[in-house]
Number of protein chains: 2
Amino acid sequence: MRKVIVSVRLPRDLHEELGTMARIVGPEDDVEDAEALLCLNVDPELLRRARGLRFIQVVTAGVDHLPWHHIPPEVVVASNAGSNAAPVAEFAVALLLAAAKKIVHFDRNMKGGVVRPDVEVPVLSGNEVAVLGLGEIGMRVASTLSAMGMRVVGFSRRPREGVPLHRFTTDLGDALSGQRYAVVALSLNKYTRGLLTYDVLSSMAEEGVLVNVARAEIVDREGIRRLLLERPRFVYATDVWWSRDDYSRDGDVIGLPNVIATPWVAGGYGNRGVYMSMLRSAVENLARYLRGEQPRNVVPREDYV
Amino acid sequence: MRKVIVSVRLPRDLHEELGTMARIVGPEDDVEDAEALLCLNVDPELLRRARGLRFIQVVTAGVDHLPWHHIPPEVVVASNAGSNAAPVAEFAVALLLAAAKKIVHFDRNMKGGVVRPDVEVPVLSGNEVAVLGLGEIGMRVASTLSAMGMRVVGFSRRPREGVPLHRFTTDLGDALSGQRYAVVALSLNKYTRGLLTYDVLSSMAEEGVLVNVARAEIVDREGIRRLLLERPRFVYATDVWWSRDDYSRDGDVIGLPNVIATPWVAGGYGNRGVYMSMLRSAVENLARYLRGEQPRNVVPREDYV
């Protein structure tokens, strides 16, 4: 029977389902003849032992955290893109509206006894918003904001056809220049790491709102920090952090008054049901591979190496 | 020439436009033969002097603040309903998402150094939301939330047909019972004042979210306060206040941790451009009356007296 390494904890039903197709072993077991791996991340040491590995199915939507230089080129890697798209897109819209409509600002004021409106609340319908990245999250964000009457400018690296946007561009400067609202929904890969520099971001409107539900590293840390210090009315609303699991190292950004901060809860880390459905989606894709079908979300290695 | 009393400050272009149709006087002038009034509110003393008055055009969308018992039954009153619907509907969605997705909660925590997620972030798509009141604001809220994949339960007093809702009801209990999310977009009138009592609201889900962009008085003050004290995870996100212009009198509600508070900024008070377009819309409707056409938004007197 074919052997699959599972390094995440599966609920009983998914474990049984996968068990009908392959023998399930843990990363500490004999993995030399294991053919596939289901994981959140993979240790290079495990890769050295699993010499027969041909397929890695990741549970997360992003695959930027994998040790790409240790993964042999012949191993196919599949992401779990789209598996948490609905909740993450909802969260992106929530951050955008909370920032744009000054909900967090006014609530902080009201709690502190400051009740006179000190800033205008902009109207969104009829205005542009840039959506960076047109995967399933970006497209859902675009669709909700279009329904609100916003004109969505979609940006992605490769030309796209047939997407229901007000305008599409492959030019980041064109997408962001003069823009008041922007949502980052890009994958983090070698092309997008540090893509949003100070220069690019400072072309946005003085009172811009930048939302990030993707990965912190797409935004240049010192660039956004400088912009936020220079422009007290520019807002960075983000669920993702450079420090990943030690937020105290991002305290100098979290503490800025023009930052809206949430602790990486838009998707699977914020809701157990979302995480469970991500596991299900990952197991279903692994099953495609085991049945000899073409798995979905195969990651182009050249985006990372 | 026909005479119109204008008690609001009009920008020059609207003043000139109206001036081509009627002689404009102020409330302190001779108003005995004035036929129409353009106002935010009207003093009963002015009504006593303006014996020829036949038409009142209000600049606000709501008309609950008018001195209805002093307005003679033969005077037609037109509201400015719909004139600020787009921004107010956007604000309602912003409050709902900021509350449901725990944006305000997590941001407060993160700023205070509490970085571990302590509550789950719910998924909205596929779930129900009650929209109370299906005027232009309610319908816009319903349409945006539907686009996000929510199933909208619409409530209004009179049966409606052809509205694109998941479900429609004229039964408030049916709309709210067990419901996790509800948006108040009703007019305040004699039927809706105090409509949302403790009993009605406590039929909602334990972790319910109630959004109010309409009028505070639709919600029973002591009822919601009791509910918020009993259910620490129930959230009341509101832009409108019982005290109207002295928020310190609502401090005992504003200060609750499960209240998201904004200072009546969803519409014309939050944005000068919105107020200007409300003025334009009011002048246009007054012009309809002056040209002998049927004005829009004529208010049924029996809703208030």
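Keep in mind that this is a model prediction, so the values were computed, not measured.

Engineer: Explain the sheet that holds strand β7 (residues 151-155) of chain B to me, please; I cannot follow it from the model alone.
Structural biologist: Remark on secondary structure: sheet strands pair via backbone hydrogen bonds, oriented parallel or antiparallel. All names here are of chain B. Spatial ordering of the open sheet is given by β8-β7-β6-β9-β10-β11-β12, a layout of 7 strands whose pairing is parallel. Among the strands making up the open sheet, the edge pair consists of β8 (167-169) and β12 (259-261). When strand polarity is set aside, the average angle formed by the axes of neighbouring strands in this sheet is 15°. Both β7 and β8 contribute to a ladder of 3 bridges, which runs parallel. From the neighbouring strand, V153 faces β8, where its bridge partner is R167.

Engineer: Teacher, can you tell me more about helix α4 (residues 103-111) of chain A here?
Structural biologist: What sets the pattern is the α-helix's 3.6 residues per turn: residues three or four places apart point alike. For α4 of chain A, the set of buried residues is I103, V104, H105, F106, D107 and M110 of chain A. Along its buried surface, α4 of chain A packs onto α3 (85-100) and β12 (259-261) of chain A together with α3 (85-100), α4 (103-111), α9 (251-254) and β12 of chain B. Two residues or fewer past α4 of chain A, G113 of chain A is found with a positive phi of approximately 85°.

Engineer: Please clarify how the confidence of the model for chain A should be interpreted in this entry.
Structural biologist: The pLDDT averaged across chain A works out to 96; a share of 100% of its residues lies at or above 70. For this predicted complex, the interface confidence comes out at an ipTM of 0.95, alongside a pTM of 0.96.

Engineer: Just checking my understanding: could you explain the packing of helix α1 (residues 12-19) of chain B against helix α10 (residues 272-290) of chain B for this structure?
Structural biologist: Residue and element names in this part refer to chain B. In contact at an axis separation of 11 Å, α1 and α10 are set at 0° when each is read in the N-to-C sense. If you check the angle between α1 and α10, you find them roughly parallel. Between α1, through L14, E17 and L18, and α10, the contact on the second element is made entirely by L279, R280, V283 and L286.

Engineer: Teacher, can you tell me more about the domain arrangement of chain A here?
Structural biologist: How big an interface is tends to be stated in terms of accessible area lost as the parts join. Residues and elements named next belong to chain A. Under the domain assignment, chain A is made up of domain 1 (3-82 + 271-303) and domain 2 (85-261). On the side of domain 2, 10 residues touch domain 1, which itself brings 7 residues to the contact. Residues that form the side of domain 1 that touches domain 2 fall into these classes: 2 nonpolar, 3 polar and 2 charged.

Conventions used here
- Residues numbered from 1 in each chain as written.
- Chains lettered and ligands numbered in written order.
- Predicted model: local features only at pLDDT ≥ 70, side-chain atom pairs only at ≥ 80, totals over all residues.
- Pairing = 2+ DSSP bridges.
- Helix = DSSP H or I, 4+ residues; strand = E, 2+ residues; numbered from the N terminus.
- Axes fitted to C-alpha atoms, helices over the stretch in contact; angles between N-to-C directions.
- Buried ≥ 20, exposed ≤ 12 C-beta atoms within 10 Å, placed from the backbone.
- Contact = placed C-beta atoms within 7 Å.
- pLDDT = per-residue confidence, 0-100.
- Parallel < 35°, antiparallel > 145°, perpendicular 65-115°, else oblique.
- Domains from an automatic or database assignment.
- Nonpolar A, V, L, I, M, F, W, Y, C, P; charged D, E, K, R; others polar.

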